[in-house]
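In case you want the letters, here they are:
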Amino acid sequence: MELNLFVYVLLAYCIPFLLYSNYRINPRKGFSILFVSIISMVILLKFSFFSLIAGVILALTLIIEKDKFKFIFYGLSFLILNIDIFIKLDLSISVFLLNYVLPISLTSGVLSSMMIGHWFLVDPTISKEGMMKIALLCSILSLLILLLVFFEIIGPDIDSIFKNVILVLYSSAGILSFASYRSLAEKSYTGVMASTGLSYLSLIVSLGASGGLLLLS
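Here's what I pulled together on the structure shown here.

The rules behind each value
- Residues numbered from 1 in each chain as written.
- Predicted model: local features only at pLDDT ≥ 70, side-chain atom pairs only at ≥ 80, totals over all residues.
- Heavy atoms only, no water.
- Helix = DSSP H or I, 4+ residues; strand = E, 2+ residues; numbered from the N terminus.
- Buried < 20%, exposed > 50% of the residue type's maximum accessible area, 1.4 Å probe, protein only.
- Salt bridge = Lys/Arg side-chain N within 4 Å of Asp/Glu carboxyl O.
- Contact = heavy atoms within 4.5 Å.

**Comments concerning unusual backbone geometry**
Thought 1: Its identity is not glycine, yet Asn26 carries a phi of approximately 60°, on the positive side.
Thought 2: Tracing the chain through its elements places Asn26 in the loop between α2 (15-25) and α3 (29-39).
Thought 3: With a phi close to 60°, Glu152 is a non-glycine residue in the positive phi region.
Thought 4: Tracing the chain through its elements places Glu152 in the loop between α8 (128-150) and α9 (160-184).
Thought 5: We classify Glu152 as partly exposed; its relative accessible area is 41%.

**Topic: the pattern of salt bridges**
When their charged atoms lie close together, side chains carrying opposite charge are able to pair.
Thought 1: Following the criterion strictly, the structure yields five salt bridges and no others.
Thought 2: Salt-bridge contacts for Arg28 lead to Asp123; the nearest nitrogen and oxygen are separated by 3.7 Å. With Arg28 in the loop between α2 and α3 and Asp123 in the loop between α7 (93-122) and α8, this residue pair connects regions lying 95 residues apart in the sequence.
Thought 3: The partner of Glu129 in a salt bridge is Lys133, and the shortest N-O contact between them spans 3.5 Å. With Glu129 and Lys133 both in helix α8 and four residues apart, this pair spans about one turn of that helix.

**Observations concerning the side chain of Thr196**
Thought 1: Looking at where Thr196 falls in the secondary structure, it is placed in helix α10 (residues 189-216).
Thought 2: Accessibility expressed as a relative area gives 5% for Thr196, which makes it buried.
Thought 3: The residues touching Thr196, leaving out its near neighbours within four places in the chain, are Met114, Gly117 and His118.

Written as structure tokens, this is what we have:
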């Protein structure tokens, strides 16, 4: 898998986390502007009719006021990007979901958690409950992928040495994400700062784990 395609998929799978953040965490509009701008880089990474249309639809969510229409536009942009990714990879649905969607969704979730943690420093009025749920989801995804790799449902042909490295990386990502979740349970401001720092570490580890898994599979 090419690096630019890996980042393309990673950014595309940030859309559900952006949608969740807007509905459950309620950050100021600046957060959406920043995150949409980052996700829209898919147009530059893999320019196509699909990525262009998805980018435009996603950008329109910034000017739409009604939540119902925003939800539809988020869904459309995500669906179009998935169609584009599916065509580019040319894989069966099961392989696409297990080998690509799960590992990269973990990295997208950790990236989103880090983004929200940083935004909390700008807007400390946002809900920490939504942040906690994303961190917890990331720890669960890490455990799930770890088991799939261990039982060779994903990457059955990977050499045992590299497989052990990937297992350690996913274990580390799960531990760091869970530590981030526990840090957010602290009532003080420092809990969010600690969670953001842990998200940085988890992002690096999950990038290595998912990148290595896709490279070796």
